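Remarks on the overall topology
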Amino acid sequence: MFLSSSIRRQPEFREGMRDMSSVALGIGAWGLMTGVAMVKSGMSVFEAVAMSLLVYAGSSQLAAIPLLIAGAPAWVILATSFCVNLRFVVFSLHLRPYLMHMPRWRRMTHGYLTADMSYALFTRRYAQPPASAAEQRAQEAYLTGNYFVTWCSWIGMSLAGIVLANLIPQSWGLGFAGVLSLVAIVCSMATTRLRILAALVAGATAVAAYALPLKLNIVAAIGVAVLLCFWLEKKVGLDPDAEDEK
Amino acid sequence: MTLGTGGTTDPWTLAVIVGMAGVTVLTRCFFFILDRPWGLPEWAHRALHYAPAAALAAVVIPEIVMAQGHLISTWKDARLYAAAAGAAYYFWRRGVLGTMLAGMAVYLPLHLGLGW
């Protein structure tokens, strides 16, 4: 998308790049660490490069590493990525009116490249979907500028991490940095009492059911936690949307 | 998949990676793939509140408290203190990068210095 010069000529493209550049350092550092974590946990350099370039979703990549190493079946890994990525499903509902004026391949390219920070900056800058052709072009250019910076810093630093990882001895245990980033992401998602409970119950279930074959303990943990929260919602009369407002 | 630096590439892992790229596209574009507007059933909307945190916690907690497939039975494990320090940092200051650095600042001395 950023290859299209008609988008790059819009002043909003530069504006989008500028707004994103302040957070690019953090994104780059996270990419660096993900690159190191992938190689340090036993993926080959080619696999790690392919994962950075294709999957392009940090938390889903980090969550997949232990499952790949354990030889979990593909459907369990894909189901876990899907659950980890569910927040994007919510974002896509929000972005729909902003993108529906484009042909399908074009809006899907934008969608694929729009990760957490681009979504957050874009929807903060434009509270309303475009109402005219000029606004459509401006918004598309801003979004493209946003994710152009994100893509460059994430991919560039991931590749740097993959290269540097080979210089660091395995015994340092730097792969644990990936686990620590996931700790931060779990904490960021645990915003309501029921979500904190869901995380704790899922963690306990995953440990208790660890002996299940095919890494099914992950699937069991998600199922138990979600069903328990559904039951508690009814039992205590908690409304998840109202809880979000707190 | 082999353990250790410079693992070998295998076709199954690459196929899973391509599948995961498909999951990225599917989830990021979910509601604007089709032209006609549509919504999710009510139960799926409610599951969206809990499933992401549950999925990540189910992956991450065993990585902290288990070794060789068993719950660890010692307190001398650097991962416990590093994860606690990371979580504490997160609730104090926020930010993925800071959490990772704070956790590693606890992990590396314990792991390399004391061999925990």
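Given the structure is predicted, the values throughout are model-derived calculations rather than measurements.

Here's the deal with the overall build of chain A
- Counting its secondary structure elements, chain A contains 13 helices and zero strands.
- Starting at the N terminus and walking to the C terminus, you meet the elements of chain A as α-α-α-α-α-α-α-α-α-α-α-α-α.
- A compact globule built from 246 residues should have a C-alpha radius of gyration of about 18 Å, and chain A, at 20 Å, falls within 12% of that.
- Judged by the C-alpha coordinates and their principal axes, chain A covers about 55 × 55 × 30 Å.
- Looking at chain A as a whole, 50% of its 246 residues qualify as buried.

Let's talk about the overall build of chain B
- Along its length, chain B carries four helices and two strands.
- For chain B, the sequential pattern of α-helices and β-strands runs α-α-β-β-α-α.
- Expected size for 116 residues packed as a compact globule is a radius of gyration near 13 Å; at 20 Å, chain B overshoots this value by more than 25%.
- With the C-alpha coordinates of chain B rotated into their principal frame, the extents come out at 60 × 40 × 25 Å.
- Sorting the 116 residues of chain B into buried and exposed places 41% on the buried side.
- Contacts in chain B between residues far apart in sequence, at least 24 positions, make up 29% of those at least 6 positions apart.

So, the interface of chain B and chain A
- Between chain B and chain A, the residue contacts involve 67 residues of the former and 84 residues of the latter.
- Only helix H1 (11-29), helix H2 (42-65), helix H3 (78-93) and helix H4 (96-113) of chain B provide two or more residues apiece to the side of chain B that touches chain A.
- With 20 residues, H2(B) is the largest single contributor of residues to the side of chain B that touches chain A.
- Residue composition of the side of chain B that touches chain A, grouped by class: 46 nonpolar, 17 polar and four charged.

Comments concerning the confidence of the model for chain B
Residue and element names in this part refer to chain B.
- For chain B, the mean per-residue pLDDT works out to 87, and 94% of the residues sit at or above 70.
- The lowest-confidence element of chain B is H2, averaging 86 in pLDDT; the highest-confidence one is H1, averaging 96.
- Throughout residues 1-5 the model reports pLDDT below 50, and contacts reaching past four residues in sequence, or to other chains, amount to 17 contacts.

A short note on the nonpolar core
- By size, the foremost hydrophobic cluster in this structure holds 112 residues, and its most contacted members are A:Val186, A:Ile222, B:Ala54 and B:Leu56.
- In terms of residue count, H2(B) provides more of this core than any other element does, 13 residues in total.
- The residue makeup of this core includes at least three contributed by each of domain 1 (5-171) and domain 2 (190-245) of chain A.
- Sequence-distant contacts of A:Ile222, that is, excluding residues within four places in its chain, are made with A:Cys83, A:Ala202, B:Ala51, B:Ala54, B:Ala55 and B:Ala58.

Observations regarding the domain arrangement of chain A
All names here are of chain A.
- Taken domain by domain, chain A holds domain 1 (5-171) and domain 2 (190-245).
- Computed from C-alpha atoms alone, the centre-to-centre distance between domain 1 and domain 2 is 27 Å.
- On the domain 2 side, the residues contacting the eight residues of domain 1 number six residues.
- Sorting elements by how many residues they give to the side of domain 1 that touches domain 2 places helix H5 (residues 74-84) first, with four residues.

A short note on the environment of A:Ala184
- Take A:Ala184: it is sitting in helix H10 (residues 176-189).
- Judged by the 24 C-beta atoms lying within 10 Å of it, A:Ala184 falls in the buried class.
- In this structure, the C-alpha to C-alpha distance between A:Ala184 and A:Met108, residues 76 residues apart in sequence, is 29 Å.
- In contact with A:Ala184, not counting residues within four places along its chain, are B:Gly86, B:Tyr90, B:Val96, B:Thr99 and B:Met100.

Some points on helix H4 (residues 58-69) of chain A
- With 12 residues, H4(A) extends 17 Å from end C-alpha to end C-alpha; this agrees with the ideal 16 Å at 1.5 Å per step.
- Counting buried residues along H4(A), 11 of its 12 residues qualify, which places the element largely inside the surrounding structure.
- The set of residues buried in H4(A) consists of A:Gly58, A:Ser59, A:Ser60, A:Gln61, A:Leu62, A:Ala63, A:Ala64, A:Ile65, A:Pro66, A:Leu67 and A:Leu68.
- Residues of H4(A) that are buried in the fold lie against helix H2 (11-40), helix H3 (45-54), H5 and H10 of chain A together with H1 and H2 of chain B.
- Downstream of H4(A) by one or two residues, A:Gly71 has phi in the positive range, about 70°.

Quick notes on H4(B)
- With 18 residues, H4(B) extends 25 Å between its outermost C-alpha atoms, agreeing within 8% with the 26 Å of an ideal straight helix rising 1.5 Å per residue.
- Turning to H4(B), its buried residues number three or more, namely B:Val96, B:Thr99, B:Met100, B:Ala102, B:Gly103, B:Met104, B:Val106, B:Tyr107 and B:His111.
- Here the buried face of H4(B) lies against H2 and H10 of chain A together with H3 of chain B.

Description of the environment of A:Arg87
Residues and elements named next belong to chain A.
- By the element assignment, Arg-87 lies in helix H6 (residues 86-99).
- You can call Arg-87 partly exposed: it has 18 C-beta atoms within 10 Å.
- Considered as a pair, Arg-87 and Asp-116 are 29 residues apart in the sequence and their alpha carbons are 8.9 Å apart.

Conventions we followed
- Residues numbered from 1 in each chain as written.
- Chains lettered and ligands numbered in written order.
- Predicted model: local features only at pLDDT ≥ 70, side-chain atom pairs only at ≥ 80, totals over all residues.
- Helix = DSSP H or I, 4+ residues; strand = E, 2+ residues; numbered from the N terminus.
- Rg over C-alpha atoms; globule rule 2.2 N^0.38 Å.
- Buried ≥ 20, exposed ≤ 12 C-beta atoms within 10 Å, placed from the backbone.
- Contact = placed C-beta atoms within 7 Å.
- Nonpolar A, V, L, I, M, F, W, Y, C, P; charged D, E, K, R; others polar.
- pLDDT = per-residue confidence, 0-100.
- Core = buried A, V, L, I, M, F, W, Y, C linked by C-beta atoms within 7 Å.
- Domains from an automatic or database assignment.
- Expected span 1.5 Å × (residues − 1).

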